[in-house]
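Examination of the molecular architecture
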Amino acid sequence: MAAVLAETAGGWYLETHSGEREAPAREDAFLLHVQELVTPQQFNTWFRHITLEELRDQGVRLLVPNLFVRDWVSNYYSDILALAVRRAFGEDRSISLAVDPLAPPPPRLDVATTMSMGTQSVATPMFVDTLDRSSDTVLHEDYTFANFVVGSSNRFAYAAASAVAEAPGKSYNPFFLHGSVGLGKTHLLQAVCHQILERDPSTLMLYLSCEAFINQFISSLENNALSTFRHKYRNVDVLLIDDIHLLANKERTQEEFFHTFNTLYNLGRQIVLTSDAPPKEIPTLQERLVSRFKMGMVVEVGTPDFETRVNILRNKARLRGQTLPDDVAHFTAENVSTNIRELEGAVVRLLAYSSLVKQPLNVELAREVLADSMSTRTTAISIQDVVSIVTRFFNVKLSDLQSKRRNQSIAYPRQIGMYLARKHTRLSLEEIGGYFGGRDHTTVLYAIEKIKKMIDREAAKADLIHRLERDIGL
Ligand code: ADP
Ligand code: MG
């Protein structure tokens, strides 16, 4: 029965197609209001399964399927809930959230218990036989959920990844994980592999880098083996591709991937992708792929806060059978980097050095060992930092960079500025374009791509960029 919301003096009612008034269906009204306030994706993910109970004391209880949804919704959507309840009831009501006792058993998503410090193991990569032969990548045995330290920057990514591993193809499809380099995307992707294999070793899983996908596609074209290629990719239960942003500028491969994606998706097979940028910011990615990637769950891993960095450092030492003294862990977390890969490198050096010189670790020793990896900056880089280095180096004025002038002596520094701003600040393409004279995001993308290509092709240009980065204080 078609139903629309109708407002009357008495509040909101559901109006059926015949125009008759039904008793106010608070729950439906509530959900419809939520639907108006959030995106369809948010609605499907968080609100679709909420049921509403009216309590005797005039309060409202919302029943959610699991603890994770409860925590997430109450942390991030409490305003929305309050507003939707106010609109549905015509007045404010107190709201409580509870896990629905009748809900199907939740996936293991209790975030309170996910702070895991891992077990001891040796950091050697290993092959997993059940992965499809053509997986070019080996699974690292440490890259498990148990060894993944959860903090505010990655809590959601962790939870979503474990939901995917619990029910491949059923929870979030595709699952698209993005974030800067060294923040744990590959780790989480492999954790999904480990977990799926553990639950069901017969799963046909294909985990590979985007480069491998591209190379295999190209060589199948060259060898007239396209149908074998297609057969292989379109028959897996789970396809995981790391660094999918490398599809940028690969027209033919994008085309092929689009069809692979559709086939798997329509069969209900799980697709997991990682990228250094969200779908719409991957340069030259076809719009139809962008919209496919956004169909499921898009999650960002952010930079870890201090506390998480400390936990990661301790965890990495523990994986190597050692303990980091608190002050050393704090010192390192404070001074080295927010990049987890670099934090890990620091731990390795600290432990190696202290065993070499047979001295216990302390802050003094750490200061010595880590001297050259300590970031000279303590504050975040701003676009002004970037611009002041660029203008000084190229001897141009900020007003030139922001002007409409397009001759090479201005356009080139402008493009470098855009590239550096994108790489080292958290500004969006739109914001960067705005700063450089109100240019739109495609202009910024174009600039970034151009500089990236230049760096790849010419060592001298790569050196120039490094030098500018050093001047910024990186
Ligand atoms: P990315 O793929 O995002 O560039 P990786 O997944 O390769 O980053 O992570 C870099 C290193 O940091 C890996 O050794 C990984 O184990 C470690 N790492 C990243 N995030 C975490 C985390 N939350 N807990 C423990 N280790 C982490
Ligand atoms: Mg990676």
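See the structure shown above.
Below, the structure is looked at part by part. Predicted, not measured: the structure shown is a model, and the values here were computed from it.

Before going further, it helps to examine the site of ligand 1. Around ligand 1, the structure places 18 residues, and the nearest of them are Gly182, Thr186, His187, Arg341 and Glu344. Within the side chain of Tyr143, a nitrogen or oxygen atom sits 3.1 Å from an oxygen atom of ligand 1. The contact in question runs from an oxygen atom of ligand 1 to an N or O atom on the backbone of Leu183, over 3.2 Å. With the chains in place, 96% of the 560 Å² that ligand 1 exposes on its own is no longer accessible.

What follows concerns the pattern of salt bridges. Within the structure shown, the criterion is met by 17 salt bridges. Across the salt bridge formed by Glu469 and Lys423, the nearest N and O atoms sit 2.8 Å from each other. Placement of the pair is Glu469 in helix H20 (residues 459–472) and Lys423 in helix H17 (residues 408–424), with a sequence separation of 46 residues. Taking relative accessible area as the criterion, Glu469 reaches 7% and is therefore assigned buried. Judged by relative accessible area, which is 45%, Lys423 ranks as partly exposed.

A word on the sheet that holds strand E12 (residues 297–300). Ordered by their spatial adjacency, five strands build an open sheet running E9-E10-E11-E8-E12, and the pairing between neighbours is parallel. Both outer strands of the open sheet, strand E9 (205–209) and E12, are each paired with one neighbouring strand and no more. Pairwise comparison of adjacent strand axes, ignoring direction, gives a mean angle of 10° for this sheet. Sheet topology places E9 next to strand E10 (residues 238–242); five bridges connect them, and they run parallel. Within the sheet, the bridge partner assigned to Met205 lies in E10 and is Val238.

Following the sequence through the fold, Leu343 ends up in helix H13 (residues 340–356). Measuring from C-alpha to C-alpha, the distance between Leu343 and Leu313 comes to 6.7 Å, with 30 residues separating the pair along the chain. In this structure Leu343 touches Arg309, Leu313, Thr332, Val336 and Ser337, once residues within four positions along its chain are discounted.

Burial of the side chains of strand E8 (residues 175–178) extends over both faces: Phe175 and Leu177 are buried on one face and Phe176 and His178 on the other. Where E8 lies against strand E11 (residues 270–275), four bridges are found, and the strand directions are parallel. Bridging from a neighbouring strand, Phe176 pairs with Leu273 of E11. Pairing between E8 and E12: four bridges, direction parallel. Along E12, the bridge assignment pairs Phe176 with Val298.

Their axes nearest at 8 Å, the elements helix H1 (residues 26–37) and helix H4 (residues 78–89) cross at an angle of 135°. Relative to H4, the element H1 lies oblique. The way H1 lies across H4 gives a crossing that is right-handed. Side by side, H1 and H4 meet where Arg26, Ala29, Phe30, His33, Val34, Glu36 and Leu37 of the first sit next to Ile80, Leu81, Leu83, Ala84, Val85, Arg87, Ala88 and Phe89 of the second. Classifying every residue of the contact of H1 with H4 gives 11 nonpolar, one polar and three charged.

In this structure, the amide linkage connecting Asn173 to the following residue, Pro174, adopts the cis form with an omega of -10°. Its location among the elements puts Pro174 in the loop between helix H5 (155–166) and E8. A positive phi angle, close to 80°, is found at Gln58, a residue other than glycine. As for its position among the elements, Gln58 is in the loop between strand E3 (51–54) and strand E4 (60–64).

By secondary structure assignment, the location of Lys404 is in the loop between helix H16 (398–402) and H17. In this structure the C-alpha to C-alpha distance between Lys404 and Gly438, which are 34 residues apart in sequence, comes to 9.4 Å. Of note is the side chain of Lys404, whose polar atom sits 3.4 Å from the backbone oxygen of Gly437.

Conventions we followed
- Residues numbered from 1 in each chain as written.
- Chains lettered and ligands numbered in written order.
- Predicted model: local features only at pLDDT ≥ 70, side-chain atom pairs only at ≥ 80, totals over all residues.
- Heavy atoms only, no water.
- Near = heavy atom within 4 Å.
- Polar contact = N/O pair within 3.5 Å; in protein donor to acceptor, adjacent residues only side chain to side chain.
- Areas by Shrake-Rupley, 256 points an atom, 1.4 Å probe, with all protein chains shown as cover.
- Salt bridge = Lys/Arg side-chain N within 4 Å of Asp/Glu carboxyl O.
- Helix = DSSP H or I, 4+ residues; strand = E, 2+ residues; numbered from the N terminus.
- Buried < 20%, exposed > 50% of the residue type's maximum accessible area, 1.4 Å probe, protein only.
- Pairing = 2+ DSSP bridges.
- Axes fitted to C-alpha atoms, helices over the stretch in contact; angles between N-to-C directions.
- Contact = heavy atoms within 4.5 Å.
- Parallel < 35°, antiparallel > 145°, perpendicular 65-115°, else oblique.
- Left-handed = near helix turned anticlockwise from the far one by under 90°.
- Nonpolar A, V, L, I, M, F, W, Y, C, P; charged D, E, K, R; others polar.

Read these as layout, nothing more, since geometry by itself doesn't imply function.
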